[in-house]
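# Report on the structure
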Amino acid sequence: MHINPERSTRPDYDLLVRQVVSVLEGERDLTANASQFSALVYDTIADLNWAGFYLTVPSKKGEGQDLLVGPFQGKPACARIPFGRGVCGTTAVERKTIVVPDVHAFPGHIACDSASASEIVIPLIKDDKLIGVFDIDSPTPDRFSDEDKAGLEAMVQAFLDGTDC
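With eight bridges joining them, strand S1 (residues 50-58) and strand S2 (residues 65-74) adopt antiparallel strand pairing. Pairing of tryptophan 50 across the sheet is with glycine 74, part of S2. The hairpin formed by S1 and S2 contains six residues between the paired strands, and glycine 62 there has a positive phi angle of roughly 90°. Note that S2 and strand S3 (residues 80-82) share three bridges and pair antiparallel. Bridge pairing in S3 links leucine 68 to arginine 80. In this antiparallel pair of consecutive strands, S2 and S3, the connection spans five residues.

Time to look at the sheet that holds S1. Across the sheet, which stays open at both edges, the six strands sit in the order S3-S2-S1-S6-S5-S4 with antiparallel pairing between neighbours. Two strands close off the open sheet at either side, each with one partner strand: S3 and strand S4 (98-100). Adjacent strand axes in the sheet meet at a mean angle of 25°, parallel and antiparallel pairs treated alike. Most of the contacts of helix H3 (residues 86-94) go to strand S5 (residues 118-126), to which it runs at about 35°, and overall it touches S1, S2, S3, S4, S5 and strand S6 (129-138).

All right, on to the packing of aromatic side chains then. Counted according to the given criterion, the structure contains seven aromatic pairs. Note on phenylalanine 53 and phenylalanine 159: the rings are 5.0 Å apart at their centroids and 45° apart in plane angle, and the pair reads as tilted. With a gap of 106 residues between them, phenylalanine 53 in strand S1 and phenylalanine 159 in helix H4 (residues 146-161) connect regions that are remote in the sequence. Three or more aromatic residues joined by ring pairs make a cluster, and in this case those are Phe37, Phe53, Phe134 and Phe159.

The rules behind these values
Residues numbered from 1 in each chain as written. Predicted model: local features only at pLDDT ≥ 70, side-chain atom pairs only at ≥ 80, totals over all residues. Heavy atoms only, no water. Pairing = 2+ DSSP bridges. Helix = DSSP H or I, 4+ residues; strand = E, 2+ residues; numbered from the N terminus. Axes fitted to C-alpha atoms, helices over the stretch in contact; angles between N-to-C directions. Contact = heavy atoms within 4.5 Å. Phe/Tyr/Trp six-rings, centres within 6.5 Å; stacked < 30°, edge-to-face > 60°.

All we've got here are geometric facts, nothing functional implied.
This is the structure:
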């Protein structure tokens with residue numbers, strides 16, 4: 001049975017990985033699981049103002065790819081982000097997690113919510129294909145530690161393992 005731990009700025013990531021597996025058990029649909037995952041992250045990790053998915057889609061301009069907003073928790077967000085723009089687009093191109101202690105110092109940062117001060121974006125890679133990115137914003141500068149990075153990457157991997165993408 002799934003029981004949410006209390007919201008924390010220093011969460012027990014091993015427990016949260018088990019919670020991801022529990023929440024997704026019996027369902028493999030991308031939209032359903034992404035919705036559940038973003039709600040779990042937003043509800044259990046403190047000091048966040050946005051947590052959600054941007055999924056890879058063909059560019060509206062006919063060339064390349066964009067990231068299109070998917071299931072999330074928080075205020076309305078930017079709907080479409082070109083690969084290479086902002087933290088999310090850079091993560092998509094580099095295919096590695098990016099932790100930004102001060103979003104205002106990140107070249108090309110896209111300010112969807114002016115309250116955001118720091119950010120972590122994790123690529124969603126399955127079978128060597130970039131599915132999209134998982135983006136988390138905080139109103140606190142330097143919110144995300146190396147422990148957060150490793151824990152969130154483990155949670156994202158549990159999401160990918162439990163989801164058909």
